[in-house]
Structure formats: structure tokens, C-alpha cells
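Commentary on secondary and tertiary structure
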Amino acid sequence: MTGAAAAPPRRAPFVEAVRHRALSNGARLYVLENRFNPTLAVSGTLFAGRLFAPQDRRLIASVTAGELIKGTAKRSKLELAEDLESRAASVSVASDASDPAGVDISGAALSRDTDLLLDAMVEVLREPVFPEDELEKEKKKLVGSIRQQQEQTSVRASEAAMRRIYPPGHPLHRLTGEERIARVEALTRADLAGFYTERYGAASLVLVVVGDVEADRVLDSLEKGLGSWTAGPAPAIAPPPAPAPAPGAVTVEMPDKASADVILALPSDLTRTDPEFLACALANSALGQSSLTSRLGVRVRDTEGLTYGIHSAFSASHVAGPFTVSVTVKPDSRDAAVASTLDEIQRFVKSGLTDKELAEEKSSRIGRFKVDLGSNAGIANAVDTAVSYGFGVGYLDEFPSLVAKVTREQADAAFRKRVRPEAFTIASAGTFGRP
Amino acid sequence: MSGGPFELVKEKAGFREFRLSSNGLRVLLLQNRVAPVATFCIVYHVGSRNEAVGHTGATHLLEHLMFKGTPEFQRDKGTAIAAVLEALGARFNATTWFDRTNYYETLPSDCLATAVRIESSRMRQALLRDSDRQPEMTVVRNEFERGENSPFQVLYKHTFATAFREHPYHHPTIGWRSDIEEVTTDRLREFYDTFYYPNNATAMVIGDFDEAEVLALLAKEFGSVAPSSRPIPPVYTIEPPQEGERRFVVRRVGEVAWCALSWRTPEARHPDTPALAVLGNILGGGVTSRLHQALVENSLALSVTVVPWQLRDPALFSVFAPVRPGVEPSEVEKIVRDEIAKLATQLVTETECAKARTQIEAEVIFDRDSTDQIAASLSEAIAVADWEWYADYPAAIARVTPDDVRRVVRTYLNDDALTVGAYLPRPSANVAVEEVA
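Residues numbered from 1 in each chain as written. Chains lettered and ligands numbered in written order. Predicted model: local features only at pLDDT ≥ 70, side-chain atom pairs only at ≥ 80, totals over all residues.

Observations regarding the overall build of chain B
When you go through chain B residue by residue, the secondary structure sums to 15 helices and 13 strands. In terms of overall size, chain B behaves like a compact globule, its C-alpha atoms giving a radius of gyration of 23 Å where 437 residues would be expected to give roughly 22 Å. Principal-axis analysis of the C-alpha atoms gives chain B an extent of 60 × 60 × 45 Å. The buried share of chain B, reckoned over its 437 residues, is 54%. (Helix = DSSP H or I, 4+ residues; strand = E, 2+ residues; numbered from the N terminus. Rg over C-alpha atoms; globule rule 2.2 N^0.38 Å. Buried ≥ 20, exposed ≤ 12 C-beta atoms within 10 Å, placed from the backbone.)

Here's what the structure looks like:
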């Protein structure tokens, strides 16, 4: 045997290895040097999501985020894209439904282009100009994309469930496709510029850089770029309370669909910062996180062969989202799949987790956490999440012991408190053939 | 190195290739200690390319059955493969494609031995029970049906079925519906007993490991697996040259039309492959690319995807675009053809060519950010060529000139070698009615 490289150095705890700088305007910057590959990844969060947009016009938040890269005071959209693409660097700012409070910032580049990437990120955050012609183009594209999404059974089922559970005005309420198209068509440049002025600023900004970089240089460069940025609103969040369940069935009949989607959904009060989050997450993993190994997967996929995919999840961010089970089926298997799913949830709520399940889910979650930290982007994302939810960088080091501490009683109680099988909204979309 | 269970075959760019002397298993090692994580991946050189009518989709259905267990790993004993891996926090799965099937596990590096043992167990000892096939067939049929819901997947399947009439790339990896439903367990076992052998596989370990330890582990788990007693059957069918443009239309209820244009191109090993890849980025790599500018920026298409397919046998160069509602799909087709015609006459600038080369070279560097990404790229490379092809790829890309780009456009992107497909929305009186019960 020859040639084995030296073993890697023992890794310092994240809380020691990650460099941190807090700016006077509130921006929080984090850098981890990871020299194994000549690349860097950036992940960031800023509180300018749909939660903060006007109640009837939530999509202002996502369009504003998306339009940040469509031109700045220094560069047109095309110039900016040319500068980044010619170096294989990328910047994206997006607000999606997974966290109604946050806007996700991400970027990647080869480390030789660190300055180019960081400058571009600062520029799009601080100096967007929202060109009128770009917005008009985007509106046309959005209308087409909404029509395209409306052809998807998964989208239609999910939207029908969210519309039934969350009342108009709630950040998780979903307008119909036609309603959204009308909102898109009414958007003006002033809407975006106004929302930007109101919500964007350093006070809620978290920016994490991981990769083959010099931490001090990156921190200095970002401080230079962001230090004089307006603070903007404080990072306070007052999410609306979860509504009462809306039991019942909704069917969206769509012609010509070989596969149907079913969503079983319940409102939940679980946020990511809830002390019971990990207990709920472990219980959910045993019930339905994996189509192959969890109880729902073993029953509905593996034993009964009714679906390719079945999956359950708590949508817990700064806002308490729903608990959902999603399953794809051959249309004429829908009722059988729903009945088996509800039966399995019923059993799970009644009997709770077994000790073996809890032990396996714990080791799974801890192992998966390590695996997810296996890339620059994975680490950047984990630090960003830990900091923007207020846990701090040390959360990455503590996570395994936090998971290990959860007891079976805690997991069962936390899950039972939130999942009542009789209260599900059951929304399905596909070609069922109306009676 | 000699005398041990392995012989060192070759090394280059950090990769070390070994051969297990007892059975011919190829082993590829790449240390990448970016995190205490490793990926184990085994690639079998069998895919839908090795199928024929009657058992299309067999490779894929077999891949599903491979999770149903072996004497050592099975649900009845509380050691189901997926459950064992899930408990370690592994990111794992298997995928089937035209030229290969791969099984992979990314997991904490101190758990590597479990992944290796599972793969060695299912290489020759999969249970493949008929009682497992029955429910799994309907699982796969639902996977097929999900694909049928996607206009992109429908278009790509029709494109290959139209462009390839004789070669098995004609049929999709998922298979045709009736073959998925009717293929027997015996036929799947025959497939397994033909292709699942160490001498038809490559095992890779990527990430945080000690070479001596990992070779000892592989020798222990795979050393006693016998090679196949019969030669692995070759695929000898050749698709003859296309002698005229082909067209197809799919009409289904919906709102958004799609347009697809695909030209016949050579196999991945062909020296023109790097130039075709650069052409792909010039046409579709980002906001500044030619087709994005011509179609998306002009509000004619919602997006555009360019795929220079790289396969073991001659393949395609494809452009797919969802058409913005209100725009005629024929208009999008015309613009794509016009852009190709321009590239056949005018040379791209060195700057434009350099941008495309940089993007592709960077992809290879970004691959090394995570062990599973390298494993995914290497799986494709060894399926269509070999790992050296992957190792040499950045250098081959770096040599592509504007002249090369024009030459491959002139050589391959001709009307006679073109297949044009359209997915056209059919209006319905009953579109999406929502009823509350």
C-alpha cells in the first residue's frame, strides 16, 4: 500500500472556527475558512419576505427580491450577468414560501473571484434600480410561469389546501392562479421600490461566507461595502397565530393527468424556534420523512404499492406553517391511499414512537447533519440558519446533544398535541372523473 | 504494487484506479477531505441501452427490487437496506440511466464499512422475490405516471423515440407502461444474472478515508464474489444516419406549449464532444447566452434549456423551451434555427468562447465541493467513457476554439439530422374545477 495522504487535522468546534463581525448598523457577518477546494459559497438571510408585504399583495416581496439582480446604479442587468457569468460566479436573491419572513441570499464562485462575488452581492443589496423595462419583461414571464405551475397536480393540490386552511390576509393564504395573475399585472416599479425602501437594510442581515478565503479580508471587504448601509427595520417578527383546522375534502379536477397528487394538511403552531421543534421533527421522521423507511412509506409504498412517493413534514420557520402529508397516486388509487395514510397516522398518534424508532431517528438526524456539513454551501447554509433563527453558531456544535436529549415521552406528546387525524384538510388534484 | 489482492492500474489527477485480482472489480479512489464524510458508489455497466422491447424498464425495475433485500439485509430481520442506511444519516439512493445503474451512499466516514457491506451483499445475493415485485411494479408505474404529468419528460421521451429507431436509446429508461406492468420476476432475475457481477462494475470511494484501510475493506467484502462465467453481452445495434428532418406533436390538455429541437451527435468519447459542450453553454449557459437573449429576454419563451447529451453511443444535442402563452411555438422554433444558422456562418468571438469554457471548467472544480457531486459526475463519465475522460475533460474543454464551435455546428446541426417536437396544449371545457366536499 502506498500514497495515503496525511489524515486531516482535527476539526475545531464551529463556534471557535467561524469568524464573526457585527457591524454598527446591525449586519452580522460570518466567515469560515475551508481550504480544501478553490471555491467559496455564500448564504444569507434578510427579513423582507412575504410576511412583511401588504396583505392582499404578498407577491411584492418575491418580485422585489428577484428584481434586485436586474440592474444596479453601477451596472445594467446584462453587464452584471456578463461580469458574473464570464467568471462562472453566481448570485441569487429569492423569497419563497418555505420561510415567509426571510429572503434567501446565495452566491458561489471560484476563490480567485472572491472580490468580484462579494462586490456584486453588496451592489445588488444596496443599489438596485428596478428598471421599468425589466419589470415589464418579468411580469410577462411570471404570468406564463403561473400558468405553467397551474398545470401541475402537486401545485394545485397544495394551493387548494392552503387556501382552505389559511384565511385571506394570512401570509400562508394562497390566491388562485387567476388572482395571482391579476396581482402581477397590476405591479408597478413604485411598488417594488417602495417595499425595498421600507424593508431592506442591514439590521436583519446575516451573511455567511465559507470556503477558500482569508477571513479577515472577507470581513474587511464586507464591512467596507455594508458598513454604511441604512439599518432599516429591526429584525422583529410578529407572525400571525395559526388558524383553526378546516377539516374536509377539496378536489381539483384536472383533465389528462396520469398521476394525481393528494395533500393532507393541518394548521400547526410549530415554529423553528419552538422548544418542541426537535421532538416534533423526530416523531415526524419516524412517521413519514422517508418514502422508503418511515411508517407511511413502509405501508403505503413498500407494502401496498400505492405510490412512488409519500412524505410528511412540519413546515416550521419563523412562521408556524402546516403539517402536511403529500402523496402521489394513480387517480383510481386515491381513496385507498388516503385511507391507509389516515389509518397509519391514527395508529402512530395512538401508540407513539417505539424506543427503537426514536434511537434510529436520532442517529439518522445526527448523521444527516454531519453529511449536510460536507460542502461549503452546506456549512454556509447551516450557519446562516442557526444565526438567523437566533441560536448562534454554537448550535452546530450542540446539535447532536440536543437531538440526543429528546425523550420518547416528549416526542409523543409534542406530536399528539399537534396532529389530530380527524382534522385534516384533504386536497387532491388530478383526473378522477367527476360523478 | 503487486502481490496483494489489488493491482494498481493507473493514477492521475488525484484518482487512483485499482483492480481486484480475484474477480476484476475496478476500484477508483479519490481522497477529498473537505469534511468527515465519504461517498461509496458502485456503477454497473447496464442501463436501458441493454434492454429490448418486452422488457423495457427492466434495469430500472430491478434497481428498485435491489432495495428489497438480501439474506443479510431485509425488512423481516429488521435490517432493511434503507433502514440501516437511514439510521446512519446516509444520503443514499440508486439511479438508472441509458448506459448505467448506480447505487450510492454518502455518510459519515466512520460508517463507510456498512455501505460497502450492503453493496457487496446485493451484488450477487439480492432476493428478487415475486412477492416484492408485485407492489414495487405499481410504485414504478406511479413513477412513470408522474413523468407523464411533466411536459418536459414527455417531450424528451418522444424526442429519443423519434430520433432513434433502431438503437435502444429509442426507449426511455423508465420503460413503456405495458412492459413495466407485464415483465416477469424471472426476466428481471435473468437480467440480474447477466449483468450484476464484479467484472461489470466499478466501485468508487470518494472523500475522507485511509487508502490502506479502504482497500482492505473492499478486498474483504468483494474479494470472494465470483465473476460472471459468461461474457457480458455487448450491444451491437447501430443507429444509421438520419436522412431527413423528423417531426412529432403531442397534444394534451394544458396551457403552456413546449418546443424541442434535437440534432444527432456523436458518442461521448468522440473528439468533438468538448466543442459541443462549449456550444451548449454559448447557446444556453446563463442570462447572457444566445438563446436566453433571443427567446427569454424577448418574452417569447419562459426559459430555455440546452442539453448536449453525452452518452456511450451517438446521442443528441437538444434545445427545450416552454413557450410563453400567446406566442406561436413555430416562432420559437424559427428563432432557434436562425441562431444555429448564424453560428454556422459567423465565428463566435474568443471572449464568448472563453466564457463558455470557464463555466464548464468551473463546474468540474465545483464538483469537488462535495463528495456526492464528484461521485455523480464520475458515474456518468465511467458509464459513457472512463474516469480518465473525466480527469482530462477540463484540458479538452480548454482547447476548444471558435473555429471548433463553428465546425461542430456545420458538421452536426443540420436539418437532415434534426428532430423537432412540439407539446401543444389542448383546450378543455373542464379545465381545473375545484369542488369542496
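So, next bit.
Side note on the sheet that holds strand 2 (residues 28–33) of chain A
Residue and element names in this part refer to chain A. Sheet architecture is open: six strands sit in the order 1-2-6-3-5-4, paired in mixed fashion. Looking at strand neighbours, the two that pair on one side only are strand 1 (19–22) and strand 4 (90–94), the edges of this open sheet. Along the sheet, successive strands turn relative to each other by an average axial angle of 10°, direction set aside. Relative to strand 5 (residues 103–110), strand 3 (residues 39–46) runs antiparallel, the two being bridged by eight bridges. Paired with T45 across the two strands is D104, which belongs to strand 5. Contacting strand 2, strand 3, strand 5 and strand 6 (206–211), helix 14 (residues 376–388) runs over the sheet at an angle of about 25° to strand 3. (Pairing = 2+ DSSP bridges. Axes fitted to C-alpha atoms, helices over the stretch in contact; angles between N-to-C directions. Contact = placed C-beta atoms within 7 Å.)

Re unusual backbone geometry
The residue A:D256 is not glycine, and still its phi comes out positive at about 65°. Along the chain, A:D256 turns up in the loop between strand 7 (248–253) and strand 8 (260–267). Taking the C-beta count within 10 Å as the criterion, A:D256 has 17 such neighbours and is therefore assigned partly exposed. Residue B:S299 is not a glycine yet carries a positive backbone phi of 55°. As for its position among the elements, B:S299 is in the loop between helix 10 (290–296) and strand 10 (305–308). The class for B:S299 is partly exposed, based on 17 C-beta atoms found within 10 Å.

Section: the interface of chain A and chain B
Taken together, the contacts link 73 residues of chain A with 70 residues of chain B. When residues in the side of chain A that touches chain B are grouped by element, the largest group, ten residues, is from helix 13 (residues 355–372) of chain A. Split by residue class, the side of chain A that touches chain B holds 27 nonpolar, 26 polar and 20 charged. (Nonpolar A, V, L, I, M, F, W, Y, C, P; charged D, E, K, R; others polar.)

Regarding the pairing of strand 6 of chain A
Residue and element names in this part refer to chain A. With six of six residues buried, strand 6 is to be regarded as a mostly interior element. Burial of the side chains of strand 6 extends over both faces: V206, V208 and V210 are buried on one face and L207, V209 and G211 on the other. Relative to strand 6, strand 2 runs parallel, the two being bridged by six bridges. Note that in strand 6 the partner of L29 across the bridge is L207. As judged from the six bridges shared by strand 3 and strand 6, these two strands associate in the antiparallel manner. Bridging from a neighbouring strand, T45 pairs with V206 of strand 6.

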